[in-house]
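If you want the building blocks of each chain, they are given just below.
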Amino acid sequence: MSSRPDTLLRDLLADATAQLRGPEARHEAELLLLHALQRPRSWLFAHATDPVDLADRDSFHALLARRVAGEPVAYLTGQWGFWTLQLEVNPATLIPRPETELLVEQALARLPADRPCTIADLGTGSGAIALALARERPLAQVLATDSSAEALAVATRNAARNTVANVAFAQGAWYAPLQGQRFDLIASNPPYIASDDPHLARGDLRFEPTTALASGQDGLDDIRLIADGASAHLLPRGWLLLEHGWDQGAAIRALLQQAGLDEVETVQDLEQRDRVTLGRRPA
């Protein structure tokens, strides 16, 4: 990269985009530069020919080098967008994925907008699912749980950051913090990758918490626990919704049926891959 004192913003972006490559290269370069400059995205387009001083260039170059080495942009900037939320993320939490918005959409379709209801989000991580549902259903009471105290601290800050008040947090694995409570809807994006899957050693997954990604030899250990305990924590006609891998729909439908749920189905994402499986406790 050039070290001239008059290096222009557009030149920095062009150089960084060439280094990153891929379809998201330009977008990632912009996010990193805006983070280094502490500027909003709207500022970028009016200042393409501005010079960037040496200190800001050094900060940007340091971030860029870490991204080239594989660190996720979300961890480098400390934040990520999901639904209508801007969330703090760090290596204690998964990075929210666009596919998870399908789980939110399916949950909202089964939650009343005009009366109170109760929702649990198991393994909340950054709070993405719980906060999206709480924002869209302000009459609902949402309980978000996680076994990680660090993740819950992030989720709690995200609730304050996004001014979402109708959500509470509890620490513990899966149903342990629910203390006999029953809910109209339980949602979860649990670990579902096989523990020996080579993808865990590639790309962004190398930097995310393995305990939030992998679950036994077939990736279904935690989902089995959630399915088995669902009826004890759902109200009659209450729903369980699970996000999962593209090739797990049939296996999870079988688990939900074995657990006594009905109206079991799998919903596909925009790429026509199995993504969310759901079932309902009988009346």
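Now for a description of the structure that goes with this document. (Residues numbered from 1 in each chain as written. Predicted model: local features only at pLDDT ≥ 70, side-chain atom pairs only at ≥ 80, totals over all residues. Heavy atoms only, no water.)

### Some remarks on the overall build of the protein
Then comes step 1: Scanning the protein for helices and strands turns up 10 helices and 9 strands.
Then comes step 2: Each principal axis of the C-alpha distribution contributes one length, and for the protein these read about 70 × 40 × 35 Å.
Then comes step 3: A burial count over the protein gives 50% of its 283 residues as buried.
Then comes step 4: Restricting to contacts in the protein with at least 6 residues of sequence separation, those with at least 24 account for 64%.
Then comes step 5: When the accessible surface of the protein is split by element, carbon and sulfur atoms take 51% of a total near 13200 Å².
Then comes step 6: Here the protein contributes 26 positive and 37 negative side-chain charges, whose respective centroids are spaced 2 Å apart. (Helix = DSSP H or I, 4+ residues; strand = E, 2+ residues; numbered from the N terminus. Buried < 20%, exposed > 50% of the residue type's maximum accessible area, 1.4 Å probe, protein only. Contact = heavy atoms within 4.5 Å. Areas by Shrake-Rupley, 256 points an atom, 1.4 Å probe, with all protein chains shown as cover. Lys, Arg positive; Asp, Glu negative; His and termini not counted. Charge placed at Lys NZ, Arg CZ, Asp CG, Glu CD.)

### Looking at the side chain of Asp121
Then comes step 1: Topologically, Asp121 is positioned in strand β3 (residues 118-122).
Then comes step 2: One buried charged residue, Asp121, forms no salt bridge at all, with the nearest opposite charge on Arg97 at 14 Å.
Then comes step 3: Of the polar contacts made by the side chain of Asp121, one reaches the side chain of Thr124; its length is 2.7 Å.
Then comes step 4: In this structure the side chain of Asp121 is engaged in a polar contact, spanning 3.2 Å, whose partner is the backbone nitrogen of Ala130. (Salt bridge = Lys/Arg side-chain N within 4 Å of Asp/Glu carboxyl O. Polar contact = N/O pair within 3.5 Å; in protein donor to acceptor, adjacent residues only side chain to side chain.)

### Here we look at unusual backbone geometry
Then comes step 1: Backbone geometry places Gln179, a non-glycine residue, at a positive phi of 50°.
Then comes step 2: Along the polypeptide, Gln179 turns up in the loop between β5 (167-171) and β6 (183-188).

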